Amino acid sequence: MEVPTGFLVISLLLCFATTGYGVTFTSLQRTLVVTASPTEGQVLKAGDANITVTWGFNRTFPSGTDSDYRTVKVKLCYAPISQKDRSWRKTVDEMKKDKTCQHKIVARPYSASNNTFTSTILRDIPSGTYFVRAYAFNGNDEEVGFGQNTNGKLETNLFVIQAITGRHASLDIASICFSAFSVVALAGFFYMEKSKGKSSK
Amino acid sequence: MSGIEGSPGSSMHGVTGREPVMAFSVASPMVATDTTAKFDLPVDSEHKAKVFKLFSFANPHMRTFHLSWISFFATFVSTFAAAPLVPIIRDNLDLTKADIGNAGVASVSGSIFSRLVMGAVCDLLGPRYGCAFLIMLSAPTIFCMSFVADASGYIAVRFMIGFSLATFVSCQYWMSTMFNSKIIGLVNGTAAGWGNMGGGATQLLMPVLFEIIKKAGATPFTAWRIAFFIPGWLNVIMGIFVLTLGQDLPDGNLGALQKKGDVAKDKFGKVLWYAVTNYRTWIFVLLYGYSMGVELTIDNVIAEYFYDRFDLKLHLAGIIAATFGMANLLARPFGGWTSDYMANRWGMRGRLWNLWLLQTAGGVCCLFLGLVNSLPLAITFMILFSIGAQAACGATFGIIPFISRRSLGIISGMTGAGGNFGSGLTQLIFFATASFSTAKGLSYMGIMIIICTLPVSFVHFPQWGSMFLPASQDIVKGSEETYYVAEWTEEEKQKGMHQASLRFAENSRSERGGKVASAPTPPNATPNYV
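Residues numbered from 1 in each chain as written. Chains lettered and ligands numbered in written order. Predicted model: local features only at pLDDT ≥ 70, side-chain atom pairs only at ≥ 80, totals over all residues. Heavy atoms only, no water.

## Section: the overall build of chain A
Per the secondary structure count, chain A includes 3 helices and 9 strands. Mapped in sequence order, the helices and strands of chain A form the string α-β-β-β-β-α-β-β-β-β-β-α. Counting the 201 residues in chain A, one finds 39% classified as buried. Pairs at least 24 apart in sequence give 75% of the contacts found in chain A among residues at least 6 apart. (Helix = DSSP H or I, 4+ residues; strand = E, 2+ residues; numbered from the N terminus. Buried < 20%, exposed > 50% of the residue type's maximum accessible area, 1.4 Å probe, protein only. Contact = heavy atoms within 4.5 Å.)

Structure, rendered in structure tokens:
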């Protein structure tokens, strides 16, 4: 299968042409103060335990820094240990490609102080070690600031979430019933044919 | 019931010189029709159909075709059902990249063993029982997915489900007993290709089922488990159909025919010996690992590749991944058809060149698939790769029926096993490690395909030639009868056990290509009517 060289050259050029400019994480300042209810190393059960997050503007920054903040999204983020050997959770500087924070807790319009939110940890959160991070977005839906409940090296205040197994007793029973049917039906047919063969001799 | 053999002088071989290009049917002058047989389709002296009537369900030939490919399709759906759901499963079971890669290896490794065993089972018990037993006993393993709680359970269950891929062997074997060798390339290619489509269909089916079950109220970590029940039911239903509607041979079931003394019972040891000592078997074992093997590997990794590399949604990644497997609808039969077409003009040498060309082209496209950064280009190369690899699979099984008549079952089984071994190996080397990305893995795999396809140039048939060498000019050494009867000892020939091979040799004369008319009968070949 020959691919015409002209086509190949043009397509390769197009490949390289699509380099995007996105907001990078390192360009963001830690202008929000974020705290979360779980204590260091606490184990929370998905679907069961509650998590409370609070966030607000960090007053040590000059006022007016938050003039273009419109919305805040608070997310559950994977700690480095939960990213190991799992490239689909990789931290990448370009925000569009970053996969560190995949689970949204809440999104709210921005207000400088007194922001709290409590909810149950959803049942589709996988097991792992987490921290909480909040991103502030401007009117163009670009990140312009962030805050997190852990330190810069992502070492403190990490907590563990234990996921649901997804298994159910009813599923297990249905599974056993259908399996048994399959084996019994097969054996039944086999013996029926063998005995018909014997009797027709 | 062996059919009345033509008396001397009645063979109309090559008399008209006008042979059909499209190998959907074999015209009467080329292969004599057995007019005493009462079947829906015209048949040859072995009662194999000479016509491939796609939309018929007539017993036994076309009905066998449909039962066969749909059962094989069902096992592909089950074996690769996990692949498009890996993004959900990896979160539920907390899997690492190595776990996912190892599960992929496990899913294709089980059938290395089961395909070898299935070859022997078909030779000894018949393809109908082989197929039915396998798919109905693997249904429980599919239902086991509801119990899986961690990586080791996941790997174990995928390993057990993978055993069911041995239906490939029963499918191909069954086709070879029902259809004449002139159209076997197309028939085998179509049956296997449509079965392989299951690997593509599942990439569409499972995400859709998952979404529906989620909408019905289940959480993701439960929904994917429920989704697995559908492939399980598919297996059970097909098993029942095969048992009630199928038969092993055109004239009846194997057990009944063996009792009547029409089909000689063969010894497993002998059958195995003639398979293993034929060097061509081993070359095709290697080759198939790099056509079918890489197809299975892609079925396991491509949805996740598109999901992660191009940031697509689960069902979109599934749709793209599905086009790879679904190309089998046309690509594999296309390979079988090109094989038959080349055979018409250039005989077996044409078939061998055809195989090399298709498989190498697939390798080149795989190399590029890993290199490109844009989604449209990636999809383009993936589709071209799928056509090359799948057509090569079809072309391979256009040649396999000619390697041996006596050990066809075991050779089919060994080749099929080679396919799975190649898949396990490529997944282990290229996709289970974090040292290089999936994209690099794809490119390296493309290079390995190109290299491992070169050995096809060593396959030589004395009566037909090879890619670079012509056929032997010696009348005895260069005859089909000599080649196929060489698998029987003098004692066995005394008992007449080689009759089927003789009939096959006669029917395979067409592999000389082009001018078949003046094929001289070797002096000491036993005439059929003795």
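## Focus on the overall build of chain B
Tallying secondary structure elements over chain B gives 21 helices and 0 strands in all. In chain B, which comprises 530 residues, the share counted as buried stands at 63%. Partitioning the contacts of chain B with sequence separation of at least 6, the portion at a separation of at least 24 is 78%.

## Some remarks on unusual backbone geometry
With a phi close to 60 degrees, Asn157 of chain A is a non-glycine residue in the positive phi region. When its relative accessible area of 32% is taken as the criterion, Asn157 of chain A is described as partly exposed. Here Asp94 of chain B, not a glycine, exhibits a phi torsion of approximately 55 degrees, which is positive. Along the chain, the position of Asp94 of chain B falls in the loop between helix 2 (86-92) and helix 3 (97-125).

## Describing the packing of aromatic side chains
Residue and element names in this part refer to chain B. Summed over all chains, the structure comprises 43 aromatic pairs over all chains. Plain terms: the ring middles of Phe461 and Trp464 are 5.3 Å apart, the flat faces sit at 50 degrees to each other, and that makes the pair tilted. Residue Phe461 is classed as buried on the basis of its relative accessible area, which comes to 0%. On the basis of relative accessible area, Trp464 is assigned to the buried category, the value being 4%. Feature note: the residues Phe52, Phe65, Trp69, Phe73, Phe179 and Trp194 constitute an aromatic cluster, connected by ring pairs. (Phe/Tyr/Trp six-rings, centres within 6.5 Å; stacked < 30°, edge-to-face > 60°.)

## Focus on a nonpolar patch on the surface
Side chains of Leu124, Leu125, Phe268, Leu272, Val276 and Trp282 of chain B sit close together on the surface and give an oily, nonpolar patch of about 510 Å² of accessible area. Note that Val276 of chain B resides in helix 11 (residues 268-276). (Patch = residues over 30% accessible without salt bridge, like charges linked within 9 Å, V, L, I, M, F, W, Y side chains within 5 Å. Areas by Shrake-Rupley, 256 points an atom, 1.4 Å probe, with all protein chains shown as cover. Salt bridge = Lys/Arg side-chain N within 4 Å of Asp/Glu carboxyl O.)

## Here we look at the packing of helix 8 (residues 220-227) of chain B against helix 9 (residues 229-245) of chain B
Residues and elements named next belong to chain B. The geometry of helix 8 relative to helix 9 is characterised by a closest axis approach of 5 Å and an angle of 10 degrees between their N-to-C directions. Considering their axes alone, helix 8 and helix 9 lie roughly parallel with respect to each other. In this structure, helix 8 contributes Arg225, Ile226 and Ala227 to the contact, and helix 9 contributes Phe229, Ile230 and Pro231. (Axes fitted to C-alpha atoms, helices over the stretch in contact; angles between N-to-C directions. Parallel < 35°, antiparallel > 145°, perpendicular 65-115°, else oblique.)

## Observations concerning the state of the cysteines
Residue and element names in this part refer to chain A. If you walk through the whole model with that rule in mind, you get 1 disulfide over all chains. The residue that forms a disulfide with Cys77 is Cys101, at a sulfur-sulfur distance of 2.1 Å. Disulfide Cys77 to Cys101: torsion about the S-S bond roughly 105 degrees, handedness right-handed. A residue pair is termed long-range when its members are at least 10 positions apart, and Cys77 in strand 4 (residues 71-78) and Cys101 in the loop between helix 2 (80-83) and strand 5 (103-109) qualify at 24 residues. (Disulfide = S-S within 2.5 Å.)

## Comments concerning the confidence of the model for chain B
Residues and elements named next belong to chain B. Overall, the predicted model of chain B reaches an average pLDDT of 84, with 88% of residues at or above 70. The element-level mean pLDDT for chain B is lowest in helix 10 (residues 254-260), coming to 61, with helix 5 (residues 151-162) highest at 96. Segment residues 1-7 is flagged for pLDDT under 50; beyond a separation of four residues in sequence, or across chains, it makes 12 contacts in the model. As a predicted assembly, this complex carries a pTM of 0.80 together with an ipTM value of 0.83. (pLDDT = per-residue confidence, 0-100.)

## Observations regarding the side chain of Thr453 of chain B
Residues and elements named next belong to chain B. For Thr453, the position within the fold is in helix 18 (residues 438-453). Taking relative accessible area as the criterion, Thr453 reaches 0% and is therefore assigned buried. Here Ile449 takes part through its backbone oxygen, which lies 2.7 Å from a polar atom of the side chain of Thr453. Discounting chain neighbours no more than four positions away, the residues touching Thr453 are Leu287, Trp356, Gln359 and Thr360. (Polar contact = N/O pair within 3.5 Å; in protein donor to acceptor, adjacent residues only side chain to side chain.)

## Some thoughts on the interface of chain A and chain B
Across the boundary between the two partners, chain A contributes 41 residues, which contact 46 residues of chain B. When chain A packs against chain B, the two sides together hide about 3900 Å² of surface, and 69% of this comes from carbon and sulfur. The interface formed by chain A and chain B includes 4 salt bridges. Asp91 of chain B is paired through a salt bridge with Arg89 of chain A; the nearest N and O atoms lie 3.1 Å apart. Taken together, chain A and chain B are joined by 14 residue pairs in polar contact (both at pLDDT 80 or more). If you list the elements that add at least two residues to the side of chain A that touches chain B, you get helix 1 (5-17) and helix 3 (169-199) of chain A. Counting residues per element, the side of chain A that touches chain B draws most heavily on helix 3 of chain A, which supplies 15 residues. Looking at the side of chain A that touches chain B residue by residue, the class counts come to 22 nonpolar, 9 polar and 10 charged. (Buried area = accessible area lost by both parts, 1.4 Å probe. Nonpolar A, V, L, I, M, F, W, Y, C, P; charged D, E, K, R; others polar.)

## Looking at helix 8 of chain B
The buried fraction of helix 8 of chain B amounts to 7 of the 8 residues, a majority that puts the element mostly inside the structure. Those residues of helix 8 of chain B not exposed but buried are Pro220, Phe221, Thr222, Ala223, Trp224, Arg225 and Ala227 of chain B.

## A short note on the nonpolar core
The biggest cluster of nonpolar side chains holds 87 residues, and the ones touching the most others in it are Phe52, Phe65, Met175, Phe179, Phe284, Leu352 and Leu355 of chain B. Sorting elements by how many residues they give to this core places helix 1 (residues 61-79) of chain B first, with 9 residues. (Core = buried A, V, L, I, M, F, W, Y, C linked by side-chain atoms within 4.5 Å.)

## Points about the pairing of strand 7 (residues 128-137) of chain A
All names here are of chain A. Counting buried positions over the 10 residues of strand 7 gives 10, a clear majority of the element. Taken together, the 8 bridges between strand 4 and strand 7 define a ladder with antiparallel strand orientation. Of the residues in strand 7, the one forming a bridge with Val72 is Ala136. As paired strands, strand 7 and strand 9 (residues 159-162) are joined by 3 bridges and run antiparallel to one another. Within strand 9, the position partnered with Tyr130 by the bridge is Phe159. Summarising the sheet, strand 7 and strand 8 (residues 143-148) pair through 5 bridges and their orientation is antiparallel. Paired with Ala134 across the two strands is Gly147, which belongs to strand 8. Counted along the chain from strand 7 to the antiparallel partner strand 8, the turn is 5 residues long, and its residue Asp141 has a positive phi close to 60 degrees. (Pairing = 2+ DSSP bridges.)

## Side note on the sheet that holds strand 1 (residues 32-36) of chain A
All names here are of chain A. Spatially, 1-3-6 is the arrangement adopted by the 3 strands of the open sheet, whose pairing is antiparallel. On the outer flanks of this sheet lie strand 1 and strand 6 (115-120), each paired with one strand and no other. The mean angle between the axes of side-by-side strands here comes to 15 degrees, regardless of whether they run parallel or antiparallel. Pairing between strand 1 and strand 3 (residues 50-57): 5 bridges, direction antiparallel. Counted as the bridge partner of Ala36 is Val53 from strand 3.

## A short note on the environment of Ala505 of chain B
All names here are of chain B. If you trace the backbone, Ala505 turns up in helix 21 (residues 499-507). Look at Ala505 and you get buried, because its relative accessible area is 0%. Considered as a pair, Ala505 and His460 are 45 residues apart in the sequence and their alpha carbons are 17 Å apart. Ignoring any residue separated from it by four or fewer positions in sequence, one finds Ala505 in contact with Glu480, Glu481 and Tyr484.

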